[in-house]
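For reference, the chains in residue letters:
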Amino acid sequence: MTLAAHDLTLQRGHRLLLDAVDLVLAPGELVCLLGPNGAGKSTLIRCLDGIWKPGAGSIHIDGTPLSRIGREELARTIAYVPQQSGETLGLSVAEMVTLGRAAHRHRENGAQRREMVHQVLARFNLQAMAQRPFDALSGGERQRVLIARAVAQDARYMLLDEPTSALDLRHQLETLRTVRRLVDENGIGALTAIHDLSAAARFADRVALLDQGRLVAVGRWQDVLTPARLAAVFGVQAHVGVVEGLPYILPADS
């Protein structure tokens, strides 16, 4: 069972956003998607979720073309966590999480839905703020709610578009630990776009490096995030190593 992209290509105007990308995401693994701004990370995630249609190539879920999967079934299979929540219409935290059950509305009654939402709120320690307006929350709190909404979908795959970009260091770590636990405990496959190379190396099973729409390399962080490759993709010299079991990637002075 996999979420697989093959030869994925997308062009907008004269700009090639994705260039023959091949990537496979399996249940039970966390893959971090890396690359400079404009490399194609968000574009790839939106194509995998069916938000954008690629110009060429294919996407399959467990061997079935994405185009043949109905909207509700797709929502039960893939959960998407955007960078921003968009229009929330004054919804409370509990109502935002309840939106994650929309794809299951024909499969459960109101009591079952409320119980599922209660469990998710408890898992993310959101009970105390369940009735607070989502728009009144801090950036870190909002991110927890968006991930909780995705968990409420009970999907097999989760796609996260730079979930730590607006968070401070503590909330970045909390978010990545949460995703790591979901992968380990729920067996989901998670693909997350992220800029912090050290954090990606620390939490990911594999990393995938994009540059100008092309997948440069994918594999263990030790094999992908080499000084030579970082210099070629990011244009910086970097020190790469491990201290007390924790990987680090630091730009050099020159």
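Residues numbered from 1 in each chain as written. Predicted model: local features only at pLDDT ≥ 70, side-chain atom pairs only at ≥ 80, totals over all residues. Heavy atoms only, no water.

Let us look at the overall build of the chain. The helix and strand tally for the chain stands at 9 helices and 12 strands. Radius of gyration (C-alpha) of the chain: 18 Å, near the 18 Å computed for a compact globule of 254 residues. Taken over the C-alpha atoms alone, the chain extends approximately 60 × 40 × 35 Å along its principal axes. The 254 residues of the chain split such that 49% are buried. Contacts in the chain between residues far apart in sequence, at least 24 positions, make up 66% of those at least 6 positions apart. Across the chain, 28 positive and 27 negative side-chain charges occur, with their mean positions spaced 4 Å apart. (Helix = DSSP H or I, 4+ residues; strand = E, 2+ residues; numbered from the N terminus. Rg over C-alpha atoms; globule rule 2.2 N^0.38 Å. Buried < 20%, exposed > 50% of the residue type's maximum accessible area, 1.4 Å probe, protein only. Contact = heavy atoms within 4.5 Å. Lys, Arg positive; Asp, Glu negative; His and termini not counted. Charge placed at Lys NZ, Arg CZ, Asp CG, Glu CD.)

As a further point, take the environment of Arg 181. If you trace the backbone, Arg 181 turns up in helix α6 (residues 169-186). The class of Arg 181 is partly exposed, set by a relative accessible area of 43%. Considering only alpha carbons, one finds Arg 181 and Leu 30, 151 residues apart in sequence, at a separation of 10.0 Å.

To continue, consider the pairing of strand β6 (residues 78-81). Judged by which residues are buried, β6 turns out to be covered on both faces: Ile 78 and Tyr 80 on one side and Ala 79 and Val 81 on the other are all buried. For β6 and strand β7 (residues 157-161), the ladder comprises 4 bridges, and the chain directions are parallel. Opposite Tyr 80, over in β7, you have Leu 159 as the bridge partner. (Pairing = 2+ DSSP bridges.)

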